[in-house]
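Notes for the structure review
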Amino acid sequence: MEKHVPHGCPPRVLLFPFSEQGHVNPFLKLAELLGLGGVHVTFLSTYYIHNRLLLHSDVQSRFKTYPGFIFKAISDGLPDDHPRSGEKSYEFFKALNVVTKKLLKHMLASDELGSDISPSVTCIIADGLLAEFTTNIATELHIPIIHFHVISACAVWALFSIPNLIENGELPIRGKEDMDKLVTGVPSMEGLLRFRDLPSFCRTSDVKDPILQGIARESRQCTRAQGLILNTFEELEGPILSHLRTHCPNVYPIGPKHTHLKLKLAKKEVISVQSTNSLFKTDRSCMAWLDAQPLKSVMYASFGSVAVLTRDELIEFWYGLVNSKKRFLWVIRPDFYKQGDDAKDVLAELLEGTKERGYLVGWAPQEEVLEHPAVGGFLTHSGWNSTMESAVAGVPMICWPRRADQQVNSRYVSEVWKIGLDMKDVSDRKVVEKMVNEVMVERREELVNAADEMCKLAVKSVSEGGSSHCNFDRLIEDIYKMNK
Ligand code: UDP
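Description of the structure in this document.

Rules of the game
- Residues numbered from 1 in each chain as written.
- Predicted model: local features only at pLDDT ≥ 70, side-chain atom pairs only at ≥ 80, totals over all residues.
- Near = placed C-beta within 6 Å.
- Helix = DSSP H or I, 4+ residues; strand = E, 2+ residues; numbered from the N terminus.
- Nonpolar A, V, L, I, M, F, W, Y, C, P; charged D, E, K, R; others polar.
- Buried ≥ 20, exposed ≤ 12 C-beta atoms within 10 Å, placed from the backbone.
- Pairing = 2+ DSSP bridges.
- Right-handed = clockwise from strand over helix to strand, strands pointing away.
- Contact = placed C-beta atoms within 7 Å.
- Core = buried A, V, L, I, M, F, W, Y, C linked by C-beta atoms within 7 Å.

Around the ligand, 19 residues are found, and the nearest of them are Gly22, Gly304, Gln366, Gly383 and Ser386. Elements that contribute at least two residues to the shell around the ligand include exactly helix H1 (21-36), helix H14 (366-371) and helix H15 (384-393). Per-element accounting of the shell around the ligand gives the leading share, 4 residues, to H15. Across the shell around the ligand, the residue classes tally to 5 nonpolar, 11 polar and 3 charged.

Take the environment of aspartate 478 next. Mapped onto the elements of the fold, aspartate 478 is located in helix H19 (residues 467-482). Linking aspartate 478 and cysteine 123, residues 355 residues apart in sequence, is a C-alpha distance of 10.0 Å.

Most of strand S11 (residues 375-380) is tucked away, with 6 of its 6 residues classed as buried. In this structure, strand S8 (residues 298-302) lies alongside S11, joined through 5 bridges in parallel fashion. Bridge pairing links alanine 301 to leucine 379 in S11. Of the pairings in the sheet, the one linking S11 to strand S12 (residues 397-399) comprises 3 bridges and is parallel in character. From the neighbouring strand, leucine 379 faces S12, where its bridge partner is isoleucine 398. Taken together, S11, H15 and S12 constitute a β-α-β crossover, and its handedness is right-handed.

What follows concerns helix H5 (residues 131-141). Taken as a whole, H5 has its buried residues at Ala131, Phe133, Thr134, Thr135, Ile137 and Ala138. Lining the buried residues of H5 we find strand S1 (12-16), helix H4 (89-109), strand S4 (123-127), strand S5 (145-149) and helix H8 (210-220).

Further remarks concern helix H16 (residues 406-416). The buried fraction of H16 amounts to 9 of the 11 residues, a majority that puts the element mostly inside the structure. Among the residues making up H16, those that are buried are Gln406, Gln407, Val408, Asn409, Ser410, Arg411, Tyr412, Val413 and Ser414. If you follow the buried residues of H16, they end up packed against helix H6 (153-160), H15, S12 and strand S13 (420-422). Two residues or fewer past H16, lysine 418 is found with a positive phi of approximately 55°.

So, on to the nonpolar core. The nonpolar side chains of a soluble globular protein tend to be buried with one another. Leu15, Ile124, Ile125 and Ile398 are the most contacted members of the largest nonpolar core, which totals 142 residues. For this core, the element with the highest residue contribution is H6, accounting for 8 residues. Not counting chain neighbours up to four residues away, the residues in contact with leucine 15 comprise Phe27, Leu30, Ala31, Val41, Phe43, Leu44 and Ile125.

Laid out in structure tokens, this is it:
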């Protein structure tokens, strides 16, 4: 039955991110942006995320200043020590669709997600990875729903095109010998994407693979939603956004979100310099180490919150960095190397050998690190948040994509935006050393110029009158219109 919102209540938006750092972070940024727009927000996450977030971040104190803001948690039906990504992610998706779906429907129907002032959810903003079951619930309960994909528009478009690729026989990929051939089934990316640049889910020998099918289904759900939010900007991905708009009624590119938020907070004279949305304990000691390094001399290396390396990969990267003779700051999470490997011992050795020019941390304040004047390059796994953060900081990248959207992102970074180099599918110390030197010395000027241009465009887009700024105003207006 359709709900009637009491007259005069502010709109209440339910934000529901997927259970990973790279999703929680942009969702929290969106929560703050919406809060600044006067919208009441309920931030719903699984207990797995909720508990870590409250432990390691400063969100609780920060969000107290936003009227009507509520944190809520929901079960994902799995024990705390069960992996949520990697090989076991299918079980995780299954549990979400059974346990979480039922709980969420009940919570929405019984107004458990509101407050006295704004008791009912008037709009759901669900993660693009959780699109199917949340859209089914929203449709049943007559609540408007908008999807938020935290990946690039080009990756969303490549995922959206998976059924085409299956239909035209390009998936499954025939074999290793085809990896460097060009793909034809992703409109507007012909001549650019090779098979190795397709999202990692496409690297399967069976097109009935449940993960591939699930991802393809989820990414097509945006055609059923009232809108699609993306952490990108028109000037960066305009042609792809036009394609998406032919399928999704209402696309809101409002990124780069972290810069957008920073500018809006600055306008309100709120200083948010050291705020963190981390699920991991941040080691800020690297900031003092950076302070002592020369200008643009440090290669920052981090592969995000999920990527796991083998012992051999870890060693190759370490030698590559050390042999480059450049300074480096490397994030090595405690769960960064494959379980069962003896990488832990190796790491102790590496640490000893790192002292001269390097610094290792378990988790860095990445946005701040990338903006530090000592940082001159970023060795990254091409996660979309990292890519945007690096682009806005004007820091050229070496891309070593691991999974999901990252293969597409790195291709765009190197071949379209030309703000970095793509080291996809290679982990060889000689190549690492060569690319570090290219980014820091040999090709520095050309890469930095392109990165600076990108940075200017990004800042313009989120400034008053810019494309992302206007798209966000439109989003807020539309959310208010839904509040009937
Ligand atoms: N991050 C951080 N400290 C680190 C490593 C990563 O704060 O030491 C943040 C980074 O700024 C980004 C997020 O974690 O916002 C990672 O998201 P991304 O999309 O780049 O990769 P994912 O973790 O999803 O693979």
